[in-house]
Amino acid sequence: MLRVLKTNGNLFIFGSFHCIFTIGFILQNMFDRRIISQIVWYKPNAQPNITCRMFTESTEFIIWAVNNETKKAKNWTFNYETMKAMNNDKQMRNMWEIPLTPRSEKKHGKHPSQKPIAVVNRIMLAGTNEGDLILDPFSGSGTTAVVAEQHHRKWIMIEKDKTYNQIAQMRIDELTGNLFEENSIKEKSPQNTIRHRPYVG
Ligand SMILES: C[S@@+](CC[C@H](N)C(=O)[O-])C[C@H]1O[C@@H](n2cnc3c(N)ncnc32)[C@H](O)[C@@H]1O
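What you are looking at is a predicted structure, and each value in this text was computed from that prediction instead of being measured.

1. Structural notes on the overall build of the protein
- Each helix and strand in the protein was counted, giving six helices and six strands.
- From first element to last, N terminus to C terminus, the protein shows the α and β order β-α-β-β-α-β-α-β-α-β-α-α.
- Sorting the 201 residues of the protein into buried and exposed places 26% on the buried side.
- Intrachain contacts of the protein at a sequence separation of at least 6 include 62% that bridge at least 24 residues.

2. Overview of the sheet that holds strand β3 (residues 59–69)
- Taken in spatial order, the four strands of this open sheet run β1-β3-β2-β4, and their pairing is mixed. Of all strands in the sheet, those with a lone pairing partner are β1 (10–15) and β4 (95–97), marking the two edges. This sheet shows a mean twist of 25° between the axes of neighbouring strands, independent of strand direction.
- Strand direction decides the pairing type here: strand β2 (residues 33–42) and β4, joined by three bridges, are parallel. Bridge assignment links W41 to a residue of β4, and that residue is W96.
- Together, β1, β2 and β3 form the strand contacts of helix α1 (residues 20–30), whose direction differs from that of β3 by roughly 10°.

3. Concerning the site of the ligand
- Around the ligand there are 16 residues in total, and K115, F138, G140, T143 and K160 lie nearest to it.
- Along the lines of polarity and charge, the residues of the shell around the ligand split into four nonpolar, seven polar and five charged.

4. What to know about the packing of helix α3 (residues 117–127) against helix α4 (residues 143–150)
- Viewed as axis vectors pointing N to C, α3 and α4 meet at an angle of 55°, and their least axial separation amounts to 9 Å. Considering their axes alone, α3 and α4 lie oblique with respect to each other. In this structure, α3 meets α4 at a crossing whose hand is right-handed. Between α3, through I117, V120, N121 and M124, and α4, the contact on the second element is made entirely by T143, T144, V146, V147 and A148.

5. Some thoughts on α4
- Burial analysis of α4 places six of its eight residues in the buried class, which makes it a mostly covered element.
- Buried within α4 we find T143, T144, A145, V146, V147 and A148.
- Buried residues along α4 sit against α3, β5 (133–136), β6 (154–157) and α5 (162–176).
- A positive backbone phi angle near 60° is found at H152, which sits one or two residues after α4.

6. Remarks on the confidence of the model for the protein
- On average, residues of the protein carry a pLDDT of 91, and 88% of them reach 70 or more.
- When the criterion is pLDDT under 50, residues 179–190 qualifies, and its contacts beyond four places in sequence or with other chains add up to five contacts.

7. A look at the packing of α4 against α5
- The interhelical angle for the contact between α4 and α5, taken along N-to-C directions, is 15°, at an axis separation of 9 Å. One way to sum up the angle between α4 and α5 is to call them roughly parallel. Crossing hand, α4 versus α5: right-handed. Across from A145, V146, E149 and Q150 in α4, the residues of α5 making contact are A168, R171, I172, L175 and T176.
- Of the residues in the contact of α4 with α5, the class split is five nonpolar, two polar and two charged.

8. Considering unusual backbone geometry
- Positioned with a positive phi, C52 is a non-glycine residue whose angle comes to about 60°.
- Positionally, C52 belongs in the loop between β2 and β3.

Conventions used here
Residues numbered from 1 in each chain as written. Predicted model: local features only at pLDDT ≥ 70, side-chain atom pairs only at ≥ 80, totals over all residues. Helix = DSSP H or I, 4+ residues; strand = E, 2+ residues; numbered from the N terminus. Buried ≥ 20, exposed ≤ 12 C-beta atoms within 10 Å, placed from the backbone. Contact = placed C-beta atoms within 7 Å. Pairing = 2+ DSSP bridges. Axes fitted to C-alpha atoms, helices over the stretch in contact; angles between N-to-C directions. Near = placed C-beta within 6 Å. Nonpolar A, V, L, I, M, F, W, Y, C, P; charged D, E, K, R; others polar. Parallel < 35°, antiparallel > 145°, perpendicular 65-115°, else oblique. Left-handed = near helix turned anticlockwise from the far one by under 90°. pLDDT = per-residue confidence, 0-100.

Pasting the structure below:
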């Protein structure tokens, strides 16, 4: 990601406590990348803990970093006013209470860790602008692409599982009214790629 992301571009990484500290350590200590914020996504309807040996997991963490050395990072995108407007005209805090992905977002098929549109939407509006190109290298069932389409961002999605790619394709088709060219593109595309609007750089 650091290789392909533009200098001072935003990087948002999701993780649970199992991995997020390691990722933060690598970003800071191996790559000297500037961490701007950590966001805590609190899930008020999290599943109960069946072992009863620990606290019920009800949070996920999002590291927001900028692709530049800590001391050099500058001019990163943060749409402060948009965030404030989305929070009743108060500064947006870094603790977001958003329920688990609703069923209505899974009607084209299930993905075990599909992010809710509400979470990705907030990240997208905070950290990108219209026309920006967004890369999700672990795109699952395509929430990032769906939200990017809604807000007129360009996108590239990478996902190894064909079933999840098909779900993503259906979600995008539904949103765009299947505006993609259906003819030869579909036939020529390997199953594990998603057809998308041609990106003109
Ligand atoms: C947490 S899920 C992604 C959720 C998705 N970003 C969303 O917003 O709903 C991670 C995904 O990464 C995919 N994945 C894991 N390793 C991969 C790899 N090496 N290349 C491509 N995809 C991979 C998994 O199949 C899984 O669907």
